[in-house]
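Here are the chains, one letter per residue:
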Amino acid sequence: MFKKIASTFANCFKIPELKSRIIYTLIILAVCRVISIIPVPGVNGGALQQHVENAARSSGGGGVLGMYSMFTGGALEKCAIGAVGIMPYISATIIIQLLSAVIPRLSKLAREEGGRAKIIQYGRYLTVVLAMGWAVMTAQGWLNAGAGGSMFEGFSGDLVSSSLRENVWWYYIQTVIILTTGTMLLMWFGEQITERGIGNGVSLVISIGILARLPQAGVGLKDMFRGGFDGPVFFQAVALLLLLVAVVAGVIAVTQAQRKIPVQYAQRAVGRKVYQGGTSFMPLRVNYAGVMPVIFAQAILTFPAPLLIRAGTSWDMPKLVGLGQMMSERSFFYLILYGVMILFFSYFWVATQFNELQIADDLKKYGGYIPGVRPGQATSSFLHNAMSRITLAGAIFLTIIAVIPILLYSKMGVQPNVSQFFGGTSMLILVGVMLDTMRQMESHLLMRHYDGFLKKGRIKGRF
């Protein structure tokens, strides 16, 4: 198996076009890592990085700050020029997608020729606005890092130099411009990878940031098994290894899983041309929403606990403090609420992005129909019911994968730096990006009559 994989990678460099795309992608990703390392002038990120690493070993390391640090590849705690990261671009893309589902003008523009480029342009404008807002909050967080109630809880000291503190307005102007520029560079690099490289550029930028945390995970594993592999420690290591294999296999299977709806096309004549009928299928993905429900649920549930605890402490209301503790990441109530919100956002994403009415109309317009189902409203209802059933299976899977890292570090004592690679957002993103990149590489290989990475040159997946 490993010999076949090595041979396949060797074949990739025998194709000049694919070779140039791979090298171009690797160079751009290396530049992205440099952006996440170079510090902003006048800001000392060394002390903050050490504080965040120590806090991650003793606490959950989750929430918006942990998730945001993961997306930036550690640039936030290093006070680097890429500290804002690619999140504003992702947020702008999601906002435009959601607005396209509810605003008829945007929905019409998305279907028109050339309208897609216009929507992408709107997303870039929105990215600039969001990046500037994110940059202001990040600059303020660095400035007040040592104050009580800051975004870096428990940190003591000053990150911003005394000269910049004396001229705080210049500090804000300089930092906001630098951080916004860093975000726009990452966005441009991602688009260039998509156009001239291999794989989805933005997803690869996120993935390389996640993989940059592997050394920290290695240190965490070393700390866990410092005493050797005797007795129960050996069985714990075997259990973690089996869990990792099971999670990766499950993520691949469900990410690839789809229900194939057969579609029959009747023979039709358009002018003097006669189009022959045929049989095809419509793939409905089980995990249609991807990683979005996990990100939404995690981001929303981060705020109530600290706000309630802080309000209860300030107003001397123990009930609010107890409610905040009940909604903390280590509680059983949090896990239940987390799972319910993932289920909700899974259906919410499908409801806003999957338009069964338009699909039914397009099938009817091109002479297609599902065998045994009448065209029009009956087809729309059939697709709605089918998508609702398979979405439930995908949402349950997402819930299990998202809860595994929390259970590992809260119940089994596994360090968060290690547990994040056993499920959750990190694993879903990494596996999805790897599969998408492998598909594109295989398409180049098969066009030149080379074998792909898997049997028969294609990645199979069926629900």
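Structural data are supplied above this passage.
So, here's what we can say about the structure. Throughout this description, residue numbers start from 1 for each chain and increase along the sequence as written. Totals for whole chains, interfaces and linings use every residue, but because this is a predicted model, local features are given only for residues with pLDDT of at least 70 and side-chain atom pairs only at 80 or more, for both listing and counting. Values reported for side chains reflect all heavy atoms of the structure, with hydrogen atoms and water molecules removed beforehand.

Note on conventions: DSSP H or I runs of at least 4 residues are helices, E runs of at least 2 residues are strands, and numbering of each starts at the N terminus. Counting its regular elements, the protein contains 20 helices and five strands. Between buried and exposed lies partly exposed: a residue is buried under 20% and exposed over 50% of the maximum accessible area for its type, with that area taken using a 1.4 Å probe on protein chains only. In the protein, which comprises 463 residues, the share counted as buried stands at 44%. If you take every contact in the protein between residues at least 6 apart in sequence, the share linking residues at least 24 apart comes to 72%. Calculation of accessible area relied on Shrake-Rupley with a 1.4 Å probe; when residues are assessed, cover is drawn exclusively from the protein chains displayed. Accessible surface computed for the protein: about 24100 Å², of which carbon and sulfur atoms make up 65%. In what follows, residue pairs with any heavy atoms lying within 4.5 Å of each other are defined as contacts.

Turning our attention to the environment of isoleucine 178. Along the chain, the position of isoleucine 178 falls in helix 9 (residues 168-196). For isoleucine 178, a relative accessible area of 23% corresponds to the partly exposed category. Residues isoleucine 178 and proline 41, 137 residues apart in the sequence, show an inter-C-alpha distance of 9.3 Å.

We now examine the pairing of strand 1 (residues 258-265). Strands were regarded as paired on the criterion that DSSP finds at least two bridges between them. Inspection of the sheet shows strand 1 paired to strand 4 (residues 278-285) by eight bridges, in the antiparallel sense. For valine 263, the partnering residue across the bridge sits in strand 4 and is serine 280. Two strands pair when backbone bridges link them, and strand 1 and strand 5 (residues 368-369) are joined in this way by two bridges, in the antiparallel orientation. Bridge pairing in strand 5 places glutamine 264 opposite tyrosine 369.

Attention shifts here to the nonpolar core. Judged by nonpolar contacts, the single largest core of 97 residues is most densely connected at Trp142 and Tyr338. Considering each element in turn, this core owes the most residues, 13 residues, to helix 18 (residues 377-411). In plain words, nonpolar cores are sets of buried Ala, Val, Leu, Ile, Met, Phe, Trp, Tyr and Cys residues tied together by side-chain atoms within 4.5 Å.

Note on aromatic pairs: the rings of Phe, Tyr and Trp (six-membered ring only in Trp) are paired at centre separations within 6.5 Å, and the planes decide the class, stacked below 30 degrees, edge-to-face beyond 60, tilted for the rest. Within this structure, the stated rule accounts for nine aromatic pairs. Ring plane angle 55 degrees and centroid distance 5.6 Å describe the contact between tryptophan 188 and phenylalanine 189, whose orientation is recorded as tilted. Taking the relative accessible area as the measure of exposure, phenylalanine 189 reaches 9% and is therefore buried. An aromatic cluster is present here, built from Phe296, Phe344, Phe345, Phe348 and Trp349 joined pairwise through their rings.

Once that is clear, we can look at a nonpolar patch on the surface. Among the surface-exposed residues, Phe13, Ile23, Ile27 and Val31 lie close enough to one another that they form a single nonpolar patch of about 330 Å² accessible area. By secondary structure assignment, the location of phenylalanine 13 is in the loop between helix 1 (2-12) and helix 2 (16-35). Every patch collects residues that have over 30% relative accessible area and no salt bridge, joining them within 9 Å if they carry like charges and within 5 Å if they are nonpolar side chains (Val, Leu, Ile, Met, Phe, Trp, Tyr). Salt bridge criterion: a side-chain nitrogen from Lys or Arg within 4 Å of a carboxyl oxygen from Asp or Glu.

Bringing the sheet that holds strand 4 into the picture now. Sheet strands line up and pair through hydrogen bonds in the backbone, either parallel or antiparallel. Pairing is antiparallel across the open sheet formed by three strands, whose spatial order is 4-1-5. Looking along the sheet, the strands with just one partner apiece sit at the ends: strand 4 and strand 5. Comment: axis = line fitted to C-alpha atoms, over the contacting stretch for helices; angle = value between 0 and 180 degrees taken between N-to-C directions. Along the sheet, helix 18 makes contact with strand 1 and strand 4, crossing strand 4 at roughly 45 degrees.

What follows is about unusual backbone geometry. Its identity is not glycine, yet cysteine 79 carries a phi of approximately 55 degrees, on the positive side. With a relative accessible area of 0%, cysteine 79 lands in the buried category.

Another point: the pattern of salt bridges. Throughout the structure, instances matching the rule amount to four salt bridges. A salt bridge links arginine 21 to glutamate 17, with the nearest nitrogen and oxygen atoms 3.5 Å apart. Note that arginine 21 and glutamate 17 are positioned in helix 2 at a spacing of four residues, about one turn of the helix. Residue aspartate 436 pairs with arginine 439 through a salt bridge whose shortest N-O separation is 4.0 Å. Residue aspartate 436 and its partner arginine 439 are located together in helix 20 (residues 424-447), separated by three residues, close to a single helical turn. Given the relative accessible area of 26%, aspartate 436 is considered partly exposed. We classify arginine 439 as partly exposed; its relative accessible area is 37%.

Attention shifts here to the packing of helix 2 against helix 20. Helix packing geometry: the angle between the two helix axes and the distance between the axes. It is at 10 Å that the axes of helix 2 and helix 20 come closest, and there the two elements cross at 160 degrees. By the criterion of interaxial angle, the relationship of helix 2 to helix 20 is roughly antiparallel. For the crossing formed where helix 2 meets helix 20, the hand is left-handed. Contacts between helix 2 and helix 20 pair Glu17, Leu18, Arg21 and Ile22 from the former with Met441, His444 and Leu445 from the latter. What sets the label is the angle itself: under 35 degrees gives roughly parallel, over 145 gives roughly antiparallel, 65 to 115 gives roughly perpendicular, and the rest give oblique. Handedness of each helix crossing follows the sense of rotation of the near helix against the far helix: counterclockwise by less than a right angle gives left-handed, clockwise gives right-handed.

In this section: the side chain of serine 380. Considering the arrangement of structural elements, one finds serine 380 in helix 18. Other than its neighbours up to four places away in sequence, serine 380 contacts Glu356, Leu357 and Ala360.

The next point concerns the side chain of serine 419. Structurally, serine 419 can be placed in helix 19 (residues 416-419). With a relative accessible area of 1%, serine 419 lands in the buried category. With residues up to four places along the chain from it excluded, the contact list for serine 419 reads Pro405, Leu408, Tyr409 and Val414.

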